[in-house]
Structure formats: C-alpha cells, structure tokens
Amino acid sequence: FDGFPGKGPVDAPRTLVEFADYQCPHCQRAAEVLRRIQDRFADDLRIVFMDFPVNPSGISRTVALGTACADNQGKFWAFHDLAFSRQADLNAESPLQIANELELDTESFGSCMNPNFPLSRVANSEREAKRLGLSGTPTFFLNGRRLHLHDMEADLIEEISKELNRNGHS
C-alpha cells in the first residue's frame, strides 16, 4: 500500500485497509469509528485509506483528487476528516474550499488538481478495489483478509483483538 495515506506505525503488526467514497454515509460513520479504533490500538495498528469513488455524481472523485493534493502538503487526514464532516454539502468547489480552510498553499493545490498525480493515485486505488471484486463502500481488509462487519465498531475491535492475541500482542 505504498503511496496511499496511512496513520499509525509503519511497522505495526496489523494493517487495516479501508476502501471508501466521500459521499457514502456509511463511510462517514466509518471515519468516526476509525478515529476511535486508532486511539485504542495506537501502537499495534496501521490504517490505510484507499479511494473507491463509486457515487455516480463525480463529486467523490473530485474530493478524492483533492485529498491526494492535500497529502502532498502533509494534510491528507485533515482534508479527509473535513470532507467527511461536510458530506451533505460536498460539491465540485469543495476541494478548493477545504484547501483554503486548512490554509494549504492554494496555488500548489490548484496546480496539483490538474496533472496526472492525483488522477493516477485515485485510478490505482480504484483498480485495486476492482481487482479485489469490491462493489460497495466502506470495505475493510485486515492484513489482507476481507472483513464482513455487521456492527462496524464492535466487529472491528473484535477482529483486531483476535489478530493481536493470536500473535502475542496486547
């Protein structure tokens, strides 16, 4: 998952990968749940975010491009969190509005939105989602194993705990 944004120790014993869409209500909830999960398993878990903009409006794709450009300025997670918090109001202008609010270098941000970098990153993420047979969001993988969650937070905690206990981590 090189080249995709992650948080938590790079050498964590477990990696949780999320495929998500910025206009998906369940993904908005997942963003909140993952903040709590990261706090709980801070030393033992790395969370990687991969875009899978399935919403046909095209706005999720535009926001995804914006997150890639924000990542160039070290602000991926701040941009990600703000985009999800504004989910109901996202539109084609949202990436620049969020960039302004986060006080990013908007000239660099604007230049980034056009070249191939953000397009290729989102396309690579989508290609991986399709290779894995995904059709919806959010979808989670824990160390390469797809998770089927009914109660997102409780099931994630249980799955991560089982994995860590199996390998002698607390």
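Residues numbered from 1 in each chain as written. Predicted model: local features only at pLDDT ≥ 70, side-chain atom pairs only at ≥ 80, totals over all residues. Heavy atoms only, no water.

**Description of the environment of Asn124**
Next, step 1: In this fold, Asn124 is placed in helix 6 (residues 116–131).
Next, step 2: Put simply, Asn124 and Cys27 are 97 residues apart on the chain and 20 Å apart in space, counted from C-alpha to C-alpha.
Next, step 3: Within the structure, the side chain of Asn124 is placed 2.2 Å from the side chain of Arg127, a separation counted as a polar contact. (Helix = DSSP H or I, 4+ residues; strand = E, 2+ residues; numbered from the N terminus. Polar contact = N/O pair within 3.5 Å; in protein donor to acceptor, adjacent residues only side chain to side chain.)

**With respect to the sheet that holds strand 5 (residues 145–147)**
Next, step 1: Here five strands make up an open sheet; going across it, the order is 1-3-2-4-5 and the pairing mixed. Looking at the sheet topology across the chains shown, the edges are occupied by strand 1 (6–7) and strand 5.
Next, step 2: Taken together, the seven bridges between strand 2 (residues 14–20) and strand 3 (residues 45–51) define a ladder with parallel strand orientation. The residue of strand 3 that forms the bridge with Phe19 is Met50.
Next, step 3: In the packing of helix 3 (residues 76–85) onto the sheet, contacts are made with strand 1 and strand 3, and the angle to strand 3 comes to roughly 65°.
Next, step 4: Sitting on the sheet, helix 6 touches strand 2 and strand 3, and the angle it makes with strand 3 is about 100°. (Pairing = 2+ DSSP bridges. Contact = heavy atoms within 4.5 Å. Axes fitted to C-alpha atoms, helices over the stretch in contact; angles between N-to-C directions.)

**A short note on the nonpolar core**
Next, step 1: With 26 residues, the main nonpolar core has Tyr22, Phe49, Val63, Phe79, Phe84, Leu104 and Phe109 as its most contacted residues.
Next, step 2: At the level of elements, helix 1 (25–40), helix 2 (59–72), helix 3, helix 4 (94–101) and helix 5 (106–112) are the ones that each hand at least two residues to this core. (Core = buried A, V, L, I, M, F, W, Y, C linked by side-chain atoms within 4.5 Å. Buried < 20%, exposed > 50% of the residue type's maximum accessible area, 1.4 Å probe, protein only.)

**Side note on the packing of aromatic side chains**
Geometrically, a pair of aromatic rings is defined through the distance of the ring centres and the angle of the planes.
Next, step 1: The final tally for this structure, using the stated rule, is six aromatic pairs.
Next, step 2: Between Tyr22 and Phe84, the ring centres sit 4.7 Å apart and the planes meet at 35°, which makes this aromatic pair tilted. Here Tyr22, found in the loop between strand 2 and helix 1, pairs with Phe84, found in helix 3; they are 62 residues apart in sequence, far enough to count as distant. Each member of the pair Tyr22 and Phe84 is classed as buried. (Phe/Tyr/Trp six-rings, centres within 6.5 Å; stacked < 30°, edge-to-face > 60°.)

**Some details on the state of the cysteines**
Next, step 1: Throughout the structure, instances matching the rule amount to one disulfide.
Next, step 2: In this model, Cys69 is linked to Cys112 through a disulfide, with the two sulfur atoms separated by 2.1 Å. What sets the handedness of the Cys69 and Cys112 disulfide is the S-S torsion sign, and at about -85° it is left-handed. Of this pair, Cys69 sits in helix 2 while Cys112 is found in helix 5, placing the two residues 43 residues apart along the sequence. Of the two residues examined, Cys69 and Cys112, each falls in the buried class. (Disulfide = S-S within 2.5 Å.)

**Some remarks on the pairing of strand 3**
Next, step 1: Buried residues dominate strand 3, accounting for seven of its seven residues.
Next, step 2: Here strand 1 runs beside strand 3; their pairing, made up of two bridges, is antiparallel. By the bridge assignment for strand 3, Lys7 is matched with Ile47.
Next, step 3: Taken together, strand 2, helix 1 and strand 3 form a β-α-β motif whose crossover is right-handed. (Right-handed = clockwise from strand over helix to strand, strands pointing away.)

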